[in-house]
Amino acid sequence: MAITASVFLASCADSSTGGDGESAESSSSLEIGMVNKQADPGTPTKGGTLTFSGYSAVTTLDPAKAQVAGATGGTELSAIYDVLVRYDPIEQKFVPQLAQSLEPSVDSKTWTLKLRDGVTFSDGTPFDSKAVTDSITRYVTNKGAQSNLWAAKVASMDTPDASTVVFNLVDPWTGIQSMLATGPGLIVAPTAQQGETFTPIGAGAFTLEKFAPNEELVLAARPDYYGGAPMIDKLKLISIVGAQPTAEALETGGIDVAYMRTLAPILDLIENGNPGFIDIPSLGYISNVNMAPGRPGSDVRVRQAIAFAIDPETLNTRVNNGKGLPGQVIFQDTSRWHNDVAPIGVDPAKAKELLGQAKADGYDGRITFLSIQEPSAQATALGVQAMLNAVGFDAQIEYVTSSGDLVKRLYADRDFDMSTGALSLSEADPFERLYTNNKTGAKNNITGYSDAEMDSLLDELGIATTDEGKKAVLAKIQERANETVPWQVWGNAPMLDVWNKNVHGVQQSMDGIMLFDEAWKN
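Residues numbered from 1 in each chain as written. Predicted model: local features only at pLDDT ≥ 70, side-chain atom pairs only at ≥ 80, totals over all residues. Heavy atoms only, no water.

1. Some points on the overall build of the protein
So the rule is basically this: Strands here are runs of E lasting at least two residues and helices are runs of H or I lasting at least four, both read from the DSSP assignment and numbered beginning at the N terminus. Both definitions apply: the radius of gyration is a C-alpha atom measure, and the globule rule equals 2.2 Å times residues to the power 0.38. Per-residue accessibility, obtained with a 1.4 Å probe over protein chains only, is compared with the maximum for each type, and a residue is labelled buried under 20%, exposed over 50%, and partly exposed between these values. Residue contacts are defined here by distance: any two heavy atoms, one from each residue, within 4.5 Å place the two residues in contact. Values of accessible area rely on a 1.4 Å probe in the Shrake-Rupley scheme; residue burial ignores everything except the protein chains shown. The charge count includes Lys and Arg as positive and Asp and Glu as negative, but it does not include His or the ends of the chains. Every charge is mapped to an atom, namely NZ of Lys, CZ of Arg, CG of Asp or CD of Glu.
A tally of regular secondary structure across the protein gives 15 helices and 26 strands. For 522 residues, the compact-globule estimate of 2.2 N^0.38 gives 24 Å, and the C-alpha radius of gyration of the protein, at 23 Å, lies within 12% of that figure. Counting over 522 residues, the protein shows a buried share of 59%. Within the protein, contacts between residues separated by at least 24 positions form 71% of all contacts whose residues are at least 6 apart in sequence. Working note: accessible area of the protein is about 19,400 Å², and carbon and sulfur atoms make up 48% of it. The protein carries 39 positive and 64 negative side-chain charges, and their two centres are separated by 3 Å.

And the structure:
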C-alpha cells in the first residue's frame with residue numbers, strides 16, 4: 001500500500017492547483033521541454049553544496065521499498081545508486097549511464113546489457129554482471145514496485161561474462177528500458193544486505209553521510225566515481241512542505257534545485273527566468289470510480305453518464321480560474337502519443353438519458369465523492385457535485401482530513417464511489433502504468449475495472465516495439481476507454497525540474513528524476 005500510495009500522492013496531490021496557462025486543448029503556452037535555456041556558463045566551478053528540495057520527503061534508501069520516480073525519491077536514490085540507463089526526454093530515447101550499451105535482438109525478445117569498464121560500488125566491490133542480476137533478483141523477491149510486471153515479462157537472466165547480462169523475455173518488449181532506468185535499474189551492492197540490516201551502498205556519484213528520514217539526506221561526492229569525481233562536494237536533499245514555500249526558497253537561494261508540481265509557482269518561476277525542464281505526464285488529473293459490485297460505478301451507464309455530465313473546461317474555470325490543462329483525452333496534444341480519436345464528449349442530455357436508464361433498473365442515483373479537506377480539492381469536489389446533481393444524480397461529498405486517510409480508503413479499504421486520482425503516464429513508456437492500473441486483477445487496479453477487450457489491447461501494447469505500432473494501439477485504447485470509461489479524465493498536471501541561474505549540468509531522466517553527477521554551481 002505504501003508504494004501504490006506514493007504513486008497516487010506524487011501524481012495527483014497538486015493536480016488541481018491554479019496557474020497562468022491556457023488549456024492544453026487550446027494552444028497552451030506550456031510545452032514539454034527545456035525552459036529558459038542557459039548560455040555557455042564557462043569553466044565549471046568545483047566545490048560547494050547543492051541543495052535539492054524534492055516533492056515528498058524520503059523515507060527509505062532501499063530501491064526495493066521505494067517508488068522510484070521524481071516525486072517519490074527517485075532523484076535521491078539515483079544519486080546513491082545511479083541507473084543502468086537514462087531516459088533523455090529531449091531526444092526521446094534511452095541512453096547508457098552505468099551501462100555501456102543495451103541492445104535488443106531483431107525480435108526484441110532478447111536484450112543484451114554491456115557494463116562499463118572501471119565501475120565499482122562505493123565500498124570497492126566490483127560492479128559486474130552477477131551483482132546486477134543479484135540486485136534485480138533481490139528487487140523482485142522483495143516485491144519492489146515494478147516487480148510484478150518484471151516477473152511477468154522477463155523469463156530469465158544470463159551472465160555469459162563479468163560485463164554482460166542477457167535478458168530473455170517472454171514476449172517482445174521495449175519496456176525493459178524504462179525498467180532499467182528506474183527501480184530495477186538501481187543496482188545495490190552485494191554487501192548492502194547483511195541479514196536484516198540494509199546499508200545503502202551503490203555505484204552512484206555520491207555516498208551516504210547523513211540520513212534523517214522525513215527530514216534530510218546528506219550525500220558526499222565520490223572521488224572514485226567512474227565518470228570522475230562530481231564537481232560539487234556535497235548534495236543536500238530535503239523536502240519543503242508546500243509548493244509556494246519551495247518556490248520562495250529557490251528565489252532566495254535557500255535551495256538550488258527543486259521538483260515542482262503546482263501550476264501557479266511553476267509559471268511564476270518560468271516567468272522569473274529560472275532554467276528547468278517542463279514535463280506534462282498524461283492522465284494527470286482524473287477521477288477513479290469504484291466498479292465493485294454494489295457500487296454505482298459497476299454500471300457502465302452510470303460511468304458514461306458521469307463522463308457526459310462533467311465538463312473539464314467548467315471544472316477548470318471553477319478550480320483553476322480557467323488556467324489549467326483541461327481535457328478528456330488520454331494523451332493531449334502536448335504528448336508524442338497524441339492521436340486523433342475524439343474523446344467521449346460532454347453532453348448533459350445524454351447523461352440524463354443514461355442515468356434514467358440506470359434508475360429504471362433500480363439505481364437510486366446516489367453517489368459519494370471522496371475528497372481531502374484542502375482548498376483546491378474542495379473546489380474540485382464542489383464542481384463535480386454541482387454538475388452531477390444538474391443531470392439528476394444525488395451526489396454527496398465525504399471529506400477526510402489527510403492524504404493518508406484518503407490513501408487508506410482508496411488502496412487498502414477500497415471504500416469509495418468516486419475520488420480524484422492520477423496515473424501520470426510517462427512520455428518514455430506509457431505502457432507500464434496503463435497495464436498495472438487497468439489490467440484485470442492488476443496490483444494497482446483499485447477500481448476493479450475489468451474488460452476483456454481492454455486486456456487484449458494492453459497485451460498488444462506491451463508487445464508493440466515501434467512508436468508507430470504503440471500509437472496505433474493507444475488509439476484503440478482511447479476508443480475502448482470512451483466506451484467502457486475506466487476513469488473520468490479531466491486534464492493534465494505539469495511538473496517542473498527547476499534550478500537557479502547559477503546551477504549548471506543537471507541532467508533529466510524518467511518521471512522527473514534528476515542526476516547530479518555533472519552538476520555544479522558558480
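2. Digging into helix 7 (residues 263-271)
Side chains three or four residues apart in an α-helix point the same way, a direct result of the helix having 3.6 residues per turn. Here helix 7 has its buried residues at L263, P265, I266, L267, L269 and I270. Residues of helix 7 that are buried sit in contact with strand 1 (33-35), helix 6 (243-252), strand 14 (257-260), strand 15 (276-279) and strand 22 (495-499). Positive phi shows up at G273, right after helix 7, with a value of about 95 degrees.

3. Regarding the environment of G204
Note on placement: G204 falls in the loop between strand 10 (197-198) and strand 11 (206-212). For G204 and Y139, which are 65 residues apart along the polypeptide, the C-alpha to C-alpha distance reads 18 Å. Aside from chain neighbours lying at most four places away, what touches G204 is A79, I80, Y81, D82, R222 and Y225.

4. A look at unusual backbone geometry
One non-glycine residue, R414, lies in positive phi territory at about 55 degrees. Look at S424: it is not a glycine, yet its phi comes out positive at around 50 degrees. Its location among the elements puts S424 in the loop between strand 20 (418-421) and helix 13 (431-438). Look at S424 and you get buried, because its relative accessible area is 5%.

5. With respect to the pattern of salt bridges
The cut-off we apply is this: The term salt bridge refers to a pairing of a side-chain nitrogen on Lys or Arg with a carboxyl oxygen on Asp or Glu at a separation within 4 Å.
Tallied over the full model, the rule gives 23 salt bridges. Through salt bridges with shared partners, one network takes in R295, E398, R409, D415 and D417.

6. Things to note about the packing of aromatic side chains
Our working rule: Side-chain rings of Phe, Tyr and Trp (the six-membered ring for Trp) are treated as a pair once their centres are within 6.5 Å; stacked means planes under 30 degrees apart, edge-to-face means over 60, and tilted covers the remaining angles.
This structure, assessed with the given rule, holds 10 aromatic pairs. Aromatic side chains Y285 and W490 sit 5.6 Å apart centroid to centroid with 80 degrees between the ring planes, which places their arrangement in the edge-to-face category. On the criterion of sequence distance, the pair formed by Y285 in strand 16 (residues 285-289) and W490 in strand 21 (residues 488-492) is long-range, its members being 205 residues apart. Exposure remark for Y285: the relative accessible area of 5% places this residue in the buried category. Ring geometry for Y363 and F393: centres 6.4 Å apart, planes at 65 degrees, overall edge-to-face. Within this pair, whereas Y363 is found in the loop between helix 10 (348-360) and strand 18 (366-372), its partner F393 is found in the loop between helix 11 (375-390) and strand 19 (394-400), the two being separated by 30 residues in sequence. Take Y363 and F393: they sit in the same class, and that class is buried.

7. Overview of the sheet that holds strand 20
Formally: Being paired, for any two strands, means DSSP has found at least two bridges between them. All axes here are fitted lines through C-alpha atoms, helices being fitted over the stretch that makes contact, and every angle between N-to-C directions spans 0 to 180 degrees.
Across the sheet, six strands lie side by side as 17-21-16-20-18-19; this open sheet has mixed pairing. If you trace the sheet from one side to the other, it starts and ends with strand 17 (325-326) and strand 19, each paired once. Both strand 17 and strand 21 contribute to a ladder of two bridges, which runs antiparallel. Pairing of L325 across the sheet is with N492, part of strand 21. Lying over the sheet, helix 8 (residues 300-309) contacts strand 16, strand 18, strand 20 and strand 21, oriented at roughly 35 degrees with respect to strand 21.

8. A word on the sheet that holds strand 1
Pairing within the open sheet is mixed, and its eight strands lie in the order 1-15-22-14-2-13-12-11. The open sheet has two edge strands with one neighbour each: strand 1 and strand 11. With direction set aside, neighbouring strand axes in the sheet form an average angle of 20 degrees. Sheet topology places strand 15 next to strand 22; four bridges connect them, and they run antiparallel. Note that in strand 22 the partner of G276 across the bridge is V498. On top of the sheet, helix 7 reaches strand 1, strand 14, strand 15 and strand 22; it is set at about 40 degrees to strand 22, its chief contact.

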